[in-house]
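Each chain, written out:
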Amino acid sequence: MLTIDRATYDGIVAHAKRDHPDEACGIVAGPEGSERPERLVEMVNAAGSPTFYEFDSTALLALYKDLWARDEEPVVVYHSHTATEAYPSRTDIGLANEPGAHYVLVGTREHGNNEGPVEFRSYRIVDGEVSEEEVSVVDALPPAPTSQGVPDGR
């Protein structure tokens, strides 16, 4: 199950609506091994396409250098589908190279960048196998445990 805070959820949805009719893309980073989606990082769709997304290779390298410097990893990799169901395409599955990540798809086909609901679905994609998982949107993530196992109050 993906547990995500309301502000991050709203940020991903706003990005998907803002970039419509092109696909939006980005990640949510968190401390390595934590499963905590804490820091939204919007990326530019280098493909500039309504049917395909691509991270710019220079921006992606800079992102990973930043993640490594912060001891973070991509907890969520997200993009939008602007004209089709929020389900991974064959291309999406082939590009899924973070086996520990949650792959979020936001469907904007019904309302585009106007007011209205979106599809917000999360998947695990490992070795080409796709499994949908439940999404829980909470007001705030619970405090992170410290190295002694006690919440640090963040």
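Cut-offs and rules
- Residues numbered from 1 in each chain as written.
- Predicted model: local features only at pLDDT ≥ 70, side-chain atom pairs only at ≥ 80, totals over all residues.
- Heavy atoms only, no water.
- Phe/Tyr/Trp six-rings, centres within 6.5 Å; stacked < 30°, edge-to-face > 60°.
- Buried < 20%, exposed > 50% of the residue type's maximum accessible area, 1.4 Å probe, protein only.
- Pairing = 2+ DSSP bridges.
- Helix = DSSP H or I, 4+ residues; strand = E, 2+ residues; numbered from the N terminus.
- Axes fitted to C-alpha atoms, helices over the stretch in contact; angles between N-to-C directions.
- Contact = heavy atoms within 4.5 Å.
- Salt bridge = Lys/Arg side-chain N within 4 Å of Asp/Glu carboxyl O.

**Comments concerning the packing of aromatic side chains**
Two aromatic rings are characterised by how far apart their centres lie and by the angle between their planes.
Here comes step 1: In this structure the tally under the stated criterion is four aromatic pairs.
Here comes step 2: Judged by centre distance (5.6 Å) and plane angle (80°), the rings of Tyr 53 and Phe 55 are edge-to-face. In this pair, the class of Tyr 53 matches that of Phe 55, namely buried.

**Here's the deal with the pairing of strand S6 (residues 119-126)**
Every other side chain in a regular strand lies on the same face of the sheet, so the side chains alternate between the two faces.
Here comes step 1: Two elements, strand S5 (residues 102-107) and S6, share five bridges in a ladder whose sense is antiparallel. Considered in S6, the bridge of Gly 107 is made with Glu 119.
Here comes step 2: As judged from the five bridges shared by S6 and strand S7 (residues 129-133), these two strands associate in the antiparallel manner. Residue pairing in the sheet places Ile 125 in a bridge with Val 130 of S7.
Here comes step 3: The turn joining S6 and S7, which pair antiparallel and follow one another in sequence, is formed by two residues; a positive phi near 55° is taken by Asp 127.

**Thoughts on the sheet that holds strand S3 (residues 39-43)**
Here comes step 1: Spatially, six strands are ordered S3-S2-S4-S5-S6-S7 in an open sheet, and the strand pairing comes out mixed. Sheet topology places S3 and S7 at the edges, where each strand pairs with a single neighbour. The mean inter-strand angle of the sheet, taken between neighbouring strand axes irrespective of direction, is 30°.
Here comes step 2: Sheet topology note: the strand S2 (residues 25-31)/S3 ladder contains five bridges and is antiparallel. Bridge pairing links Ala 29 to Arg 39 in S3.
Here comes step 3: Against the sheet, helix H1 (residues 6-19) engages S2, S3, strand S4 (72-81), S5 and S6, with an angle of about 10° to S3.

**What to know about unusual backbone geometry**
Here comes step 1: The residue after His 20, namely Pro 21, is reached through a cis peptide bond having omega 20°.
Here comes step 2: Note on placement: Pro 21 falls in the loop between H1 and S2.
Here comes step 3: A positive phi angle, close to 65°, is found at Glu 35, a residue other than glycine.
Here comes step 4: Mapped onto the elements of the fold, Glu 35 is located in the loop between S2 and S3.
Here comes step 5: One non-glycine residue, Asp 71, adopts positive backbone phi at about 55°.
Here comes step 6: Among the secondary structure elements, Asp 71 is positioned in the loop between helix H2 (57-69) and S4.
Here comes step 7: Residue Asp 71 is classed as exposed on the basis of its relative accessible area of 51%.

**Observations concerning the pattern of salt bridges**
Here comes step 1: All chains considered together, the criterion is met by twelve salt bridges.
Here comes step 2: A salt bridge links Arg 6 to Asp 10; the shortest N-O distance between them is 3.8 Å. Taken together, the residues Arg 6 and Asp 10, both in helix H1 and four residues apart, mark about one turn of the helix.
Here comes step 3: Close ionic contact of Glu 72 with Arg 39 constitutes a salt bridge, the shortest N to O distance being 2.6 Å. Here Glu 72 is found in strand S4, whereas its partner Arg 39 is found in strand S3, with 33 residues between them in sequence.
Here comes step 4: A network of salt bridges, in which partner residues are shared, links Glu 85, Arg 109, Glu 119, Arg 121 and Glu 132.

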